[in-house]
Amino acid sequence: MSAELSPIDKAKFVAARRAVDFVEDGMKLGLGTGSTAAWMVRCLAERIREEGLRVKGVPTSTRTAELARSLGVPVTSLDDAKWLDLTIDGADEFDPQLNLIKGGGAALLQEKIVATASDQMIVITDAAKEVAQLGAFPLPVEVIPFGWQTTKALIEETLVSMDVLDRDVTLRMNGQAPLVTDEANYIVDLHLKRIGNPRQLALVLNQIPGVVENGLFIDICDKVIIGHGDGRVVTRDINSGETLDEQIEFADSDNIFADF
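Read on for a plain summary of the structure.

Analysis parameters
- Residues numbered from 1 in each chain as written.
- Predicted model: local features only at pLDDT ≥ 70, side-chain atom pairs only at ≥ 80, totals over all residues.
- Heavy atoms only, no water.
- Pairing = 2+ DSSP bridges.
- Helix = DSSP H or I, 4+ residues; strand = E, 2+ residues; numbered from the N terminus.
- Phe/Tyr/Trp six-rings, centres within 6.5 Å; stacked < 30°, edge-to-face > 60°.
- Buried < 20%, exposed > 50% of the residue type's maximum accessible area, 1.4 Å probe, protein only.
- 1 Å grid on protein atoms, 1.4 Å probe; cavity = no way out; pocket = protein on both sides within 12 Å on 5 of 7 lines; lining within 4 Å.
- Points joined across faces, edges and corners; volume = space filled by probe spheres on them.
- Nonpolar A, V, L, I, M, F, W, Y, C, P; charged D, E, K, R; others polar.
- Axes fitted to C-alpha atoms, helices over the stretch in contact; angles between N-to-C directions.
- Parallel < 35°, antiparallel > 145°, perpendicular 65-115°, else oblique.
- Left-handed = near helix turned anticlockwise from the far one by under 90°.
- Contact = heavy atoms within 4.5 Å.
- Salt bridge = Lys/Arg side-chain N within 4 Å of Asp/Glu carboxyl O.

**Digging into the sheet that holds strand E4 (residues 93-94)**
Ordered by their spatial adjacency, three strands build an open sheet running E4-E5-E13, and the pairing between neighbours is antiparallel. Looking at the sheet topology across the chains shown, the edges are occupied by E4 and strand E13 (216-217). Bridge count between E4 and strand E5 (residues 100-101): two bridges; the pairing is antiparallel. Paired with glutamate 93 across the strands is isoleucine 101, a residue of E5.

**Some thoughts on the packing of aromatic side chains**
Throughout the structure, instances matching the rule amount to two aromatic pairs. Summarising the aromatic geometry, the rings of tryptophan 148 and tyrosine 186 are spaced 6.3 Å apart at their centres and angled 75° between planes, so their arrangement reads as edge-to-face. In this pair, tryptophan 148 sits in helix H6 (residues 148-159) while tyrosine 186 sits in strand E11 (residues 186-191), placing the two residues 38 residues apart along the sequence. Residue tyrosine 186 is classed as buried on the basis of its relative accessible area, which comes to 16%.

**With respect to the layout of surface pockets**
In this model, the largest pocket occupies a volume close to 180 Å³. The wall of the largest pocket is formed by 17 residues, among which Thr33, Gly34, Ser35, Ala91 and Asp92 lie closest to the centre. Considered class by class, the residues forming the lining of the largest pocket number four nonpolar, eight polar and five charged.

**So, the packing of helix H2 (residues 35-51) against helix H3 (residues 62-71)**
Put simply, H2 and H3 touch, their axes get as near as 10 Å, and they point 25° apart. By the angle class used here, H2 and H3 are roughly parallel. Of the two elements, H2 crosses H3, and the hand of that crossing is right-handed. Contacts between H2 and H3 involve Ala38, Val41, Arg42, Ala45 and Arg49 on the former and, on the latter, Thr64, Leu67, Ala68 and Leu71. The residue makeup of the contact of H2 with H3, split by class, is six nonpolar, one polar and two charged.

**Things to note about the pattern of salt bridges**
Counted under the stated rule, the structure contains 17 salt bridges. With a closest N to O distance of 3.4 Å, arginine 18 and aspartate 21 form a salt bridge. Judged by its relative accessible area of 13%, arginine 18 falls in the buried class. In this structure, glutamate 111 and lysine 102 form a salt bridge, with 3.4 Å as the shortest nitrogen-oxygen distance. Relative accessible area serves as the criterion here: at 2%, lysine 102 is assigned to the buried category. Three or more residues are tied together by salt bridges with common partners; here these are Arg18, Asp21 and Glu246.

Given below as C-alpha coordinates:
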(Lines give C-alpha, C1' and ligand atoms only; values in the text may rest on other atoms or scores of the structure.)
Protein backbone atom coordinates (compact mmCIF):
# COMPACT_ATOMS: atom_id res chain seq x y z
CA MET A 1 0.00 0.00 0.00
CA SER A 2 2.90 2.37 0.68
CA ALA A 3 3.77 2.25 -3.02
CA GLU A 4 0.45 3.95 -3.76
CA LEU A 5 1.27 6.99 -1.62
CA SER A 6 2.32 10.20 -3.33
CA PRO A 7 5.91 11.41 -2.77
CA ILE A 8 4.60 14.19 -0.51
CA ASP A 9 2.69 11.72 1.67
CA LYS A 10 5.75 9.48 1.88
CA ALA A 11 7.77 12.52 2.96
CA LYS A 12 5.25 13.34 5.67
CA PHE A 13 5.14 9.72 6.82
CA VAL A 14 8.91 9.27 7.20
CA ALA A 15 9.20 12.57 9.07
CA ALA A 16 6.40 11.50 11.40
CA ARG A 17 7.88 8.05 11.96
CA ARG A 18 11.29 9.50 12.83
CA ALA A 19 9.75 12.03 15.24
CA VAL A 20 7.86 9.34 17.12
CA ASP A 21 11.23 7.65 17.82
CA PHE A 22 11.86 10.49 20.30
CA VAL A 23 8.81 9.49 22.35
CA GLU A 24 9.66 7.63 25.55
CA ASP A 25 7.50 5.53 27.84
CA GLY A 26 5.51 7.61 30.31
CA MET A 27 5.72 10.85 28.37
CA LYS A 28 3.01 13.48 28.19
CA LEU A 29 2.78 14.64 24.59
CA GLY A 30 1.34 17.55 22.67
CA LEU A 31 -0.35 16.20 19.53
CA GLY A 32 -0.34 18.64 16.65
CA THR A 33 -2.94 19.38 14.01
CA GLY A 34 -2.78 19.00 10.23
CA SER A 35 -2.02 16.40 7.59
CA THR A 36 1.57 15.77 8.71
CA ALA A 37 0.59 15.63 12.39
CA ALA A 38 -2.09 13.07 11.48
CA TRP A 39 0.68 10.77 10.26
CA MET A 40 2.42 11.28 13.59
CA VAL A 41 -0.69 10.22 15.51
CA ARG A 42 -0.90 7.08 13.38
CA CYS A 43 2.78 6.27 13.97
CA LEU A 44 2.30 6.85 17.70
CA ALA A 45 -0.72 4.55 17.75
CA GLU A 46 1.35 1.88 16.01
CA ARG A 47 4.03 2.05 18.73
CA ILE A 48 1.33 1.86 21.42
CA ARG A 49 -0.16 -1.26 19.83
CA GLU A 50 3.08 -3.04 19.04
CA GLU A 51 5.32 -2.01 21.95
CA GLY A 52 2.85 -1.29 24.75
CA LEU A 53 4.13 2.31 24.89
CA ARG A 54 2.41 4.24 27.68
CA VAL A 55 1.80 7.91 26.90
CA LYS A 56 -0.83 10.60 27.37
CA GLY A 57 -1.58 12.99 24.55
CA VAL A 58 -2.88 16.54 24.67
CA PRO A 59 -4.54 17.26 21.30
CA THR A 60 -4.36 20.74 19.77
CA SER A 61 -7.74 20.51 18.06
CA THR A 62 -10.99 18.58 18.16
CA ARG A 63 -10.09 16.73 14.95
CA THR A 64 -6.76 15.58 16.37
CA ALA A 65 -8.55 14.45 19.54
CA GLU A 66 -11.04 12.46 17.48
CA LEU A 67 -8.28 10.83 15.42
CA ALA A 68 -6.25 9.94 18.51
CA ARG A 69 -9.21 8.36 20.29
CA SER A 70 -10.18 6.38 17.20
CA LEU A 71 -6.65 4.91 17.01
CA GLY A 72 -6.37 4.09 20.71
CA VAL A 73 -4.05 6.93 21.72
CA PRO A 74 -4.94 8.03 25.29
CA VAL A 75 -5.84 11.73 25.45
CA THR A 76 -6.10 14.18 28.30
CA SER A 77 -6.46 17.93 28.75
CA LEU A 78 -3.63 20.38 29.24
CA ASP A 79 -5.17 21.39 32.57
CA ASP A 80 -4.86 17.79 33.77
CA ALA A 81 -1.41 17.25 32.26
CA LYS A 82 -0.17 20.67 33.44
CA TRP A 83 3.19 20.37 31.64
CA LEU A 84 4.34 18.28 28.69
CA ASP A 85 7.56 16.49 27.86
CA LEU A 86 7.29 16.91 24.11
CA THR A 87 5.05 18.39 21.42
CA ILE A 88 5.19 17.09 17.85
CA ASP A 89 3.47 19.23 15.23
CA GLY A 90 3.71 20.35 11.63
CA ALA A 91 4.37 23.81 10.18
CA ASP A 92 3.35 25.80 7.14
CA GLU A 93 6.79 27.41 6.86
CA PHE A 94 10.09 27.36 8.72
CA ASP A 95 13.24 29.45 8.33
CA PRO A 96 16.94 28.72 9.09
CA GLN A 97 16.43 29.78 12.74
CA LEU A 98 13.49 27.32 13.01
CA ASN A 99 11.00 30.15 13.39
CA LEU A 100 7.64 29.01 12.06
CA ILE A 101 4.41 30.10 10.47
CA LYS A 102 1.55 27.91 11.68
CA GLY A 103 -2.21 28.11 11.55
CA GLY A 104 -3.09 26.86 8.09
CA GLY A 105 -5.36 24.40 9.86
CA ALA A 106 -6.91 27.17 12.01
CA ALA A 107 -5.61 25.63 15.25
CA LEU A 108 -2.79 28.08 15.97
CA LEU A 109 -4.05 29.18 19.40
CA GLN A 110 -4.17 25.72 20.95
CA GLU A 111 -1.01 24.75 19.06
CA LYS A 112 0.96 27.65 20.52
CA ILE A 113 -0.36 27.14 24.04
CA VAL A 114 0.52 23.43 23.96
CA ALA A 115 3.94 23.98 22.35
CA THR A 116 4.98 26.58 24.91
CA ALA A 117 3.85 24.28 27.73
CA SER A 118 6.35 21.64 26.59
CA ASP A 119 9.98 20.94 27.40
CA GLN A 120 10.63 20.43 23.71
CA MET A 121 8.92 20.97 20.37
CA ILE A 122 9.66 18.87 17.30
CA VAL A 123 8.31 20.03 13.95
CA ILE A 124 7.73 17.45 11.22
CA THR A 125 7.52 18.67 7.67
CA ASP A 126 8.49 18.15 4.06
CA ALA A 127 11.22 20.01 2.21
CA ALA A 128 8.77 22.35 0.46
CA LYS A 129 8.05 24.13 3.75
CA GLU A 130 11.62 25.36 4.16
CA VAL A 131 12.14 29.03 3.24
CA ALA A 132 15.01 31.51 3.51
CA GLN A 133 12.62 34.10 4.94
CA LEU A 134 9.10 33.69 6.33
CA GLY A 135 6.07 35.22 4.65
CA ALA A 136 5.27 33.43 1.40
CA PHE A 137 2.61 31.47 3.30
CA PRO A 138 -0.17 33.79 4.55
CA LEU A 139 0.24 34.55 8.25
CA PRO A 140 -2.89 33.54 10.22
CA VAL A 141 -4.08 35.79 13.04
CA GLU A 142 -6.90 34.66 15.33
CA VAL A 143 -9.33 37.46 16.25
CA ILE A 144 -12.50 37.60 18.28
CA PRO A 145 -15.70 37.98 16.19
CA PHE A 146 -16.82 41.15 18.00
CA GLY A 147 -15.61 44.11 15.97
CA TRP A 148 -13.48 41.93 13.71
CA GLN A 149 -13.60 44.46 10.90
CA THR A 150 -12.18 47.10 13.21
CA THR A 151 -9.47 44.68 14.31
CA LYS A 152 -8.70 43.95 10.66
CA ALA A 153 -8.40 47.69 9.95
CA LEU A 154 -6.04 48.11 12.92
CA ILE A 155 -3.90 45.25 11.64
CA GLU A 156 -3.74 46.84 8.19
CA GLU A 157 -2.75 50.17 9.73
CA THR A 158 -0.05 48.50 11.82
CA LEU A 159 1.43 46.70 8.83
CA VAL A 160 2.25 50.05 7.18
CA SER A 161 5.17 50.49 9.60
CA MET A 162 6.32 46.84 9.47
CA ASP A 163 9.06 45.37 7.29
CA VAL A 164 6.80 43.37 4.99
CA LEU A 165 6.50 43.21 1.21
CA ASP A 166 2.69 43.26 0.92
CA ARG A 167 -0.19 44.13 3.27
CA ASP A 168 -3.30 42.33 2.02
CA VAL A 169 -5.51 41.06 4.88
CA THR A 170 -8.46 38.71 4.27
CA LEU A 171 -11.03 36.99 6.47
CA ARG A 172 -10.80 33.21 6.18
CA MET A 173 -14.06 31.73 5.00
CA ASN A 174 -15.73 28.34 5.30
CA GLY A 175 -18.03 28.36 2.32
CA GLN A 176 -20.27 31.41 2.55
CA ALA A 177 -19.61 32.04 6.25
CA PRO A 178 -16.48 32.98 8.23
CA LEU A 179 -14.43 30.02 9.41
CA VAL A 180 -14.89 29.54 13.16
CA THR A 181 -12.06 28.11 15.27
CA ASP A 182 -12.40 25.65 18.15
CA GLU A 183 -12.46 28.70 20.45
CA ALA A 184 -15.29 30.31 18.41
CA ASN A 185 -13.00 32.96 16.95
CA TYR A 186 -12.27 34.09 13.39
CA ILE A 187 -9.03 33.90 11.39
CA VAL A 188 -7.68 36.73 9.26
CA ASP A 189 -4.83 35.83 6.90
CA LEU A 190 -2.06 38.34 6.29
CA HIS A 191 -0.67 38.02 2.76
CA LEU A 192 2.72 39.59 3.35
CA LYS A 193 4.99 37.70 0.89
CA ARG A 194 8.02 38.54 3.02
CA ILE A 195 8.43 39.20 6.76
CA GLY A 196 11.64 41.09 7.48
CA ASN A 197 11.42 40.96 11.28
CA PRO A 198 9.18 38.10 12.49
CA ARG A 199 9.91 38.71 16.18
CA GLN A 200 8.86 42.36 16.01
CA LEU A 201 5.74 41.57 13.99
CA ALA A 202 4.65 38.87 16.43
CA LEU A 203 4.95 41.25 19.39
CA VAL A 204 3.18 44.13 17.67
CA LEU A 205 0.26 42.05 16.37
CA ASN A 206 -0.54 40.70 19.84
CA GLN A 207 -0.87 44.23 21.20
CA ILE A 208 -3.79 45.03 18.89
CA PRO A 209 -7.18 44.90 20.68
CA GLY A 210 -9.23 42.02 19.29
CA VAL A 211 -6.22 39.92 18.34
CA VAL A 212 -6.10 36.67 20.30
CA GLU A 213 -2.89 35.19 18.88
CA ASN A 214 -0.78 35.13 15.72
CA GLY A 215 0.75 32.24 13.81
CA LEU A 216 4.40 33.25 14.23
CA PHE A 217 6.17 30.70 16.45
CA ILE A 218 9.42 32.37 17.51
CA ASP A 219 12.05 30.51 19.59
CA ILE A 220 9.63 27.64 20.28
CA CYS A 221 10.81 24.88 17.92
CA ASP A 222 13.82 22.81 19.07
CA LYS A 223 14.11 20.33 16.22
CA VAL A 224 12.76 20.12 12.69
CA ILE A 225 12.53 16.78 10.91
CA ILE A 226 12.31 17.12 7.14
CA GLY A 227 10.96 14.16 5.19
CA HIS A 228 11.64 13.38 1.54
CA GLY A 229 9.69 11.24 -0.90
CA ASP A 230 12.53 8.72 -1.20
CA GLY A 231 12.46 7.94 2.53
CA ARG A 232 15.31 10.23 3.53
CA VAL A 233 14.90 12.35 6.66
CA VAL A 234 17.02 15.29 7.79
CA THR A 235 16.91 16.28 11.47
CA ARG A 236 18.12 19.73 12.50
CA ASP A 237 18.62 20.64 16.15
CA ILE A 238 18.65 24.38 16.78
CA ASN A 239 20.17 23.95 20.26
CA SER A 240 23.13 21.74 19.37
CA GLY A 241 23.50 22.99 15.81
CA GLU A 242 23.68 19.39 14.59
CA THR A 243 22.14 18.04 11.37
CA LEU A 244 21.53 14.32 10.90
CA ASP A 245 20.73 12.73 7.54
CA GLU A 246 19.12 9.26 7.66
CA GLN A 247 17.16 6.81 5.54
CA ILE A 248 13.87 5.44 6.88
CA GLU A 249 12.92 2.01 5.60
CA PHE A 250 9.32 0.85 5.56
CA ALA A 251 7.62 -2.20 4.09
CA ASP A 252 4.43 -2.28 2.07
CA SER A 253 2.89 -4.39 4.82
CA ASP A 254 3.29 -1.69 7.50
CA ASN A 255 0.14 -1.54 9.62
CA ILE A 256 -0.01 2.23 9.34
CA PHE A 257 -1.13 1.95 5.71
CA ALA A 258 -3.95 -0.49 6.43
CA ASP A 259 -6.78 2.04 6.05
CA PHE A 260 -5.40 3.86 2.99
